[in-house]
Amino acid sequence: KADAGEVSRNDFPAGFVFGVATSAYQVEGATNEDGKGDSIWDVFSRTKGNIKDGSNGDIAVDQYHRYKEDVELIAKLGFGAYRFSISWSRIFPDGFGNKVNEKGIVYYNHLIDYLLKKGIQPYVTLYHWDLPYTLHEFVGGWLSEKVVEYFALYAEVCFARFGDRVKHWMTINEPLQTAINGYSIGIFAPGRHDNPYKEPYLAAHYQILAHAAAVDVYRKKFKATQGGEIGLVVDCEWAEAFSDKEQDKIAVERRLDFQLGWFLDPIFYGDYPAVMRERLGDHLPQFTQREKKLLRNSIDFVGLNHYTSRLIAHATCATEGPFYEVQELERIVNWQGGDLIGERAASDWLYIVPWGLRKVLNYIAQKYKNTPIYVTENGMDDEEKETAIIKEFLSDEKRIEYFKGYLGAVAQAIRDGVDIRGYFAWSFLDNFEWAQGYTKRFGLVYVDYKDGLKRYPKSSALWFSHFLKGKSVDEARTEPHGSVNFT
Ligand code: GBH
């Protein structure tokens, strides 16, 4: 069989979906327009010191005003799907669910209609980290049970208004990141870190229950007539044992339980993994019988965000903070001999390890009943450079290698028997990379922040385009300044 470098469209089933992904706060901008309320990310990134370059998402890449141009580019590149998220506070500005902001509905109607017109399927995430600020300030945010109901109300409006055209829903993006970065380390909104042994587990608990509540609404009121599917998006690095020692192998199991089992075990098996109960004791909330029933099988597919892998070693004094302390393990990027697990991308957390994706996919299939999986995010970043000329960014050969490797891993997992339905590259275009601001570029399409946010497809976009059309990938090369040959 051809190695990963020679991956082709024919390695994937006919109905396999290829798309690009973004999220609302990272691309939309227009944060105060047309009645939108503040989200926790609006407030967080306006606060000095939270974002590396002092930036925020007020303008981002202005997709709110440029959605037509963006949709046309997605279509031109040949992708069949676009994964985007809805900004909750555009629909309910204060989150309370009393009055729908019709202008918010209009925006997403336009986006959805235009995607469909161009033959692109919308894959919609309801929550990608931008909680209405009022819900945080006056209700307690993800630490409060009440948010579960508000989320269900919001979800219901989205299903009712968009579900005639949207057939693929994701409830929540990476609840782990909100729990750990938002409520333990504090580098993400809402920036909490004072109670790292308790709050992350509460924040996760109510996100899980919010997911289940939204799925319940969908299945009871909409599924029969709309016929769509709904899932949860989890993020998972592959965990490879640092050595052959039994301790390290057990640490790997713990790592996977704390990453994936935390969210998928309640859904597939009705409760958190035993190892979490053992180690967290009273800090880990309990599910009632009613909640357990609601949770069971509350998923049509698993959305997997995957970027990188780590070697895992047992460690009695973990250095990465409370979350790793309770797990008694260390994440390592060097093999014992000194070799890196893979080449590094621009971000210090992102090592390129294509085989890790094949392993995660097989692990999920085995542990979670071969449930359908979409790879909902996969990609790598470039470092923003003060003096760089656009041309350097446009020839992103390393990203092409990344995609070749990781797509090869997906193809291999399909041959292993894993039920994978689609793949979304992160990201469609460069955007607001959370705490890193605009200093990291994950896009297939370059955005010129210094010149009117103009878009230029990078070589990787052209490579992908050729890949999708089943053409020889070497034909794909970008000319500088976007004079792109799509034929
Ligand atoms: C994804 O999370 C997100 O879903 C997406 O929005 C984001 O753009 C993408 O990653 C790329 O980061 O200390 O500031 O360097 C993947 C999990 C969580 C990995 C945060 C990087 C470190 C952030 N990510 N983590 S930072």
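Residues numbered from 1 in each chain as written. Predicted model: local features only at pLDDT ≥ 70, side-chain atom pairs only at ≥ 80, totals over all residues. Heavy atoms only, no water.

- The name given to the protein in an unreviewed UniProt entry is Beta-glucosidase, and the organism recorded there is Dendrobium nobile.
- UniProt lists a comment for the protein under the heading Catalytic activity (unreviewed entry), and it reads "Hydrolysis of terminal, non-reducing beta-D-glucosyl residues with release of beta-D-glucose."
- What UniProt records for the protein under Sequence similarities (unreviewed entry) is the sentence "Belongs to the glycosyl hydrolase 1 family." (UniProt positions renumbered as here; feature names shortened; annotations may be inferred.)

### Comments concerning the packing of aromatic side chains
Right, on to step 1. A complete count under the given rule lists 64 aromatic pairs for this structure.
Right, on to step 2. Taken together, a centroid distance of 6.4 Å and an interplanar angle of 80° make the contact between Trp41 and Phe432 edge-to-face. Residue Trp41 is located in helix 2 (residues 40-46), and its partner Phe432 is located in the loop between strand 14 (420-426) and strand 15 (440-441); the two are separated by 391 residues in the primary sequence.
Right, on to step 3. Centre to centre, the rings of Trp88 and Phe151 are 5.5 Å apart; their planes meet at 65°, and the pair counts as edge-to-face. Placement of the pair is Trp88 in helix 4 (residues 88-91) and Phe151 in helix 7 (residues 146-162), with a sequence separation of 63 residues.
Right, on to step 4. With a relative accessible area of 0%, Phe151 lands in the buried category.
Right, on to step 5. Following the ring pairs from residue to residue traces out a cluster consisting of Phe12, Phe16, Phe18, Phe79, Tyr402, Phe403, Tyr406, Tyr423, Trp463, Phe464 and Phe467.
Right, on to step 6. A cation over an aromatic ring shows up here: Arg441 above the ring of Phe393, its NZ or CZ 5.1 Å from the ring centre. (Phe/Tyr/Trp six-rings, centres within 6.5 Å; stacked < 30°, edge-to-face > 60°. Helix = DSSP H or I, 4+ residues; strand = E, 2+ residues; numbered from the N terminus. Buried < 20%, exposed > 50% of the residue type's maximum accessible area, 1.4 Å probe, protein only. Lys NZ or Arg CZ within 6 Å of the ring centre and 35° of its normal.)

### Some points on the site of the ligand
Right, on to step 1. Neighbouring the ligand are 19 residues, the closest being Gln26, His128, Glu174, Glu433 and Trp434.
Right, on to step 2. Within the side chain of Asn173, an N or O atom sits 3.1 Å from an oxygen atom of the ligand.
Right, on to step 3. Contact between the ligand and Glu433: an oxygen atom at 2.4 Å from a side-chain N or O atom of the residue.
Right, on to step 4. Starting from 580 Å² of accessible surface for the ligand in isolation, the protein chains cover 87%.
Right, on to step 5. Within the shell around the ligand, the residues separate by chemical class into nine nonpolar, seven polar and three charged. (Near = heavy atom within 4 Å. Polar contact = N/O pair within 3.5 Å; in protein donor to acceptor, adjacent residues only side chain to side chain. Areas by Shrake-Rupley, 256 points an atom, 1.4 Å probe, with all protein chains shown as cover. Nonpolar A, V, L, I, M, F, W, Y, C, P; charged D, E, K, R; others polar.)

### Re the sheet that holds strand 6 (residues 238-241)
Right, on to step 1. Taken in spatial order, the three strands make up an open sheet running 6-8-9, and their pairing is mixed. Unpaired on one side and paired on the other, strand 6 and strand 9 (329-332) mark the two borders of the sheet. Here the average twist between neighbouring strands, direction ignored, is 40°.
Right, on to step 2. Where strand 8 (residues 309-314) and strand 9 come together, four bridges link them in antiparallel fashion. (Pairing = 2+ DSSP bridges. Axes fitted to C-alpha atoms, helices over the stretch in contact; angles between N-to-C directions.)

### Some thoughts on the packing of helix 5 (residues 102-117) against helix 7
Right, on to step 1. It is the contact of helix 5 with helix 7, at a shortest axis distance of 11 Å, that shows an interaxial angle of 50°. Taken together, the axis directions place helix 5 and helix 7 in an arrangement best described as oblique. Relative to helix 7, helix 5 is oriented so that their crossing is right-handed. Counted together, Glu102, Ile105, Tyr108, Asn109 and Ile112 of helix 5 and Val157, Arg161 and Phe162 of helix 7 form the full contact between these two elements.
Right, on to step 2. A class-by-class count of the residues in the contact of helix 5 with helix 7 yields five nonpolar, one polar and two charged. (Parallel < 35°, antiparallel > 145°, perpendicular 65-115°, else oblique. Left-handed = near helix turned anticlockwise from the far one by under 90°. Contact = heavy atoms within 4.5 Å.)

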